[in-house]
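# Coordinate inspection notes
Residue-level listing of the chains:
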Amino acid sequence: MAGHSTIMHQRPCKALLPTAKAPRPERVSHRVVAQAQPTRPSQPNRASTAVQASAIADAPPAHTSRVSEKPLGEGPTVINGQVLHSLSKERLALVNSLEPYVRERVMPLLKPVEKCWQPADFLPDPSKGDYLDQLAELRKRTDCLPDDYFVVLVGDMITEEALPTYMAMLNTLDGVRDETGAEQTAWGKWTREWTAEENRHGDLMNKYCMLSGRVNMKAVEVTIQNLIGSGMDPKTENNPYLGFIYTSFQERATKISHGTTARHAKEYGDKVLGQITGAIASDEGRHESAYCRIVDELFRKDPEGTTLAFADMMKKQIVMPAHMMDDMVHKGRTGRNIFQDFSTVAESTGTYTAQDYASILEHLIQRWELEGLEGLSSEGQQAQEYVCKLPPRIRRLADRTLMRKEKGKKREVPFTWICDRTINMHI
């Protein structure tokens with residue numbers, strides 16, 4: 001994933017995006033389902049009939065949350081101001097009913113291991129007699145890559161390396177988590193096999209960066225450990241409606257970032273690195289399709305609840321998975337966290353921008369045919385209108401922010417990741 005968080009990755013700063021109102025816990029406890037305004041009490045509406053009775057009847061008994069000590073589906077819990085387990089009993093039953101669909105329509109998007117590329121396919125082989133020649137050729141290719149490219153590449157790699165956090169996030173979602181760690185359900189198998197495919201990404205990028213000789217690997221490793229240790233909170237409330245909207249968005253963002261990195265590598269003359277990041281982007285595209293298919297079915301069976309969840313997720317904003325990265329140096333000498341400056345470099349190189357954020361949202365609105373949905377409650381219609389009007393608002397905010405930055409002075413900013421070499425950037 002990265003996103004990245006991934007995630008998962010160099011993303012528009014939050015200042016570019018509409019600010020969500022802080023939840024009021026004393027009222028959140030009345031909410032039955034994920035909605036566009038999570039703090040407003042919700043009343044039953046006619047769209048709840050979209051949650052089929054047969055799905056409820058066929059659903060297994062509700063699990064009990066170890067966090068809330070109450071059966072899942074019996075309303076949200078608020079702990080330290082954070083909403084948890086916000087899915088209603090009816091919608092939890094609907095999610096449970098999706099397993100055959102996931103097995104038939106989502107699992108086939110994973111590749112058999114024997115058909116997957118592996119990191120060794122792209123790297124010098126130390127068992128060969130010409131290993132040192134292969135290594136010298138790799139370093140010659142990477143000599144042509146500018147430092148700002150490496151900042152973005154390393155930031156993407158760090159985001160991919162925080163994979164344990166993303167697997168843990170999927171396993172927080174009610175109704176789909178892998179309860180034993182080796183469940184043979186479609187949901188359990190998907191989570192493990194998706195993680196296995198994603199694991200190759202950070203592994204390959206890490207080794208390539210190390211072999212290039214252009215990267216301070218100790219600083220990178222510190223950043224990775226801090227990022228995994230910090231975790232992430234995408235505000236998905238243990239709710240698979242919210243969780244799969246988040247992953248649909250994030251996988252597309254990751255695909256765009258790696259795809260642009262691939263194009264830039266080829267333009268600079270490192271065709272192998274272009275193939276590497278292109279192969280990673282292709283994986284992310286398959287994973288995006290998988291998560292979008294899950295949300296396709298949620299929209300088909302429960303357009304009201306899914307529309308409310310879409311608006312809720314966008315009001316809270318898509319928090320990028322690497323936003324808590326810390327090299328333990330950058331903030332002390334610049335006053336800014338390293339993710340913030342990494343995002344600025346990615347924006348300035350055109351790798352991933354606020355305009356991309358808006359484009360992803362437009363794509364998802366079109367894919368899920370949100371504008372044409374009918375039969376929604378008044379609350380659902382408000383959520384529909386909010387999401388559909390959001391992309392142009394984001395674009396306007398992004399344009400104003402970019403103009404303001406460009407009017408400011410540039411400064412030389414050192415990055416530990418690239419051995420304290422500096423990037424001339426607007427801050």
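Here is what the cut-offs are and how they apply
- Residues numbered from 1 in each chain as written.
- Predicted model: local features only at pLDDT ≥ 70, side-chain atom pairs only at ≥ 80, totals over all residues.
- Heavy atoms only, no water.
- Axes fitted to C-alpha atoms, helices over the stretch in contact; angles between N-to-C directions.
- Helix = DSSP H or I, 4+ residues; strand = E, 2+ residues; numbered from the N terminus.
- Parallel < 35°, antiparallel > 145°, perpendicular 65-115°, else oblique.
- Left-handed = near helix turned anticlockwise from the far one by under 90°.
- Contact = heavy atoms within 4.5 Å.
- Nonpolar A, V, L, I, M, F, W, Y, C, P; charged D, E, K, R; others polar.
- Salt bridge = Lys/Arg side-chain N within 4 Å of Asp/Glu carboxyl O.
- Buried < 20%, exposed > 50% of the residue type's maximum accessible area, 1.4 Å probe, protein only.
- Core = buried A, V, L, I, M, F, W, Y, C linked by side-chain atoms within 4.5 Å.
- pLDDT = per-residue confidence, 0-100.
- Phe/Tyr/Trp six-rings, centres within 6.5 Å; stacked < 30°, edge-to-face > 60°.
- Lys NZ or Arg CZ within 6 Å of the ring centre and 35° of its normal.
- Expected span 1.5 Å × (residues − 1).

### Regarding the packing of helix α12 (residues 303–316) against helix α16 (residues 378–407)
When two helices pack together, their arrangement is given by the angle between their axes and by how far apart the axes lie. The interhelical angle for the contact between α12 and α16, taken along N-to-C directions, is 45°, at an axis separation of 9 Å. The orientation of α12 with respect to α16, classified from their angle, is oblique. Between α12 and α16 lies a crossing whose hand is left-handed. Judged by residue contacts, Glu304, Thr307, Leu308, Phe310, Ala311, Met314 and Lys315 of α12 engage Glu379, Gly380, Ala383, Gln384, Tyr386, Val387 and Leu390 from α16. Residues of the contact of α12 with α16, tallied by class, amount to 8 nonpolar, 3 polar and 3 charged.

### Comments concerning the pattern of salt bridges
Throughout the structure, instances matching the rule amount to 25 salt bridges. The residue aspartate 312 makes a salt bridge to lysine 316 at a minimum N-O spacing of 3.6 Å. You can see aspartate 312 and its partner lysine 316 sitting in helix α12, 4 residues apart, about one turn around the helix. A salt bridge links aspartate 341 to arginine 336, with the nearest nitrogen and oxygen atoms 2.8 Å apart. Arginine 336 carries the same exposure label as aspartate 341, and that label is buried. Ionic contacts of the salt-bridge type, sharing partners, join the residues Glu197, Arg200, Asp283 and Arg286 into one network.

### Examining the nonpolar core
Counting 101 residues, the largest nonpolar core has Phe249, Phe310 and Trp417 as the members making the most contacts within it. By residue number, the principal contributor to this core is helix α11 (residues 271–301), which donates 11 residues. Residue contacts for phenylalanine 249: discarding those within four places in its chain leaves Met314, Ile318, Met320, Tyr352, Tyr357, Ile360, Leu361 and Leu364.

### Examining unusual backbone geometry
Although it is not a glycine, methionine 328 adopts a positive phi angle of roughly 70°. Checked against the element boundaries, methionine 328 lands in the loop between α12 and α13 (330–334). In this structure methionine 328 comes out as exposed when scored by relative accessible area, which is 62%. The phi dihedral of cysteine 419 falls on the positive side, at around 65°, and the residue is not glycine. Relative to the helices and strands, cysteine 419 is located in the loop between β3 (410–414) and β4 (422–426). Owing to a relative accessible area of 40%, cysteine 419 belongs among the partly exposed residues under this scheme.

### Details of the confidence of the model for the protein
Summing up the model confidence of the protein, the mean pLDDT is 87 and the portion of residues at 70 or higher is 82%. This stretch, residues 2–69, has a pLDDT under 50; its non-local contacts, to residues over four places away or in other chains, come to 200 contacts.

### Structural notes on the packing of aromatic side chains
All told, the structure shown has 13 aromatic pairs when counted by the stated rule. Relative to tryptophan 368, the ring of phenylalanine 299 has its centre 5.7 Å away and its plane inclined at 35°; by these criteria the two rings are tilted. In this pair, phenylalanine 299 sits in helix α11 while tryptophan 368 sits in the loop between α15 (354–367) and α16, placing the two residues 69 residues apart along the sequence. Tryptophan 368 shares its class with phenylalanine 299; the two are buried. Three or more aromatic residues joined by ring pairs make a cluster, and in this case those are Trp187, Trp190, Trp194, Phe244 and Tyr291. Over the aromatic face of tryptophan 117 sits the side chain of arginine 200, whose NZ or CZ is 4.1 Å from the ring centroid. Above the face of the tyrosine 386 ring, lysine 315 is positioned so that its terminal group lies 4.7 Å from the ring centre.

### Structural notes on α12
With 14 residues, α12 should reach 20 Å at 1.5 Å per residue; the first-to-last C-alpha distance of 20 Å fits that figure. Most of α12 is tucked away: 14 of the 14 residues are buried. Following α12 by one or two positions, glutamine 317 adopts a phi angle in the positive range, close to 75°.

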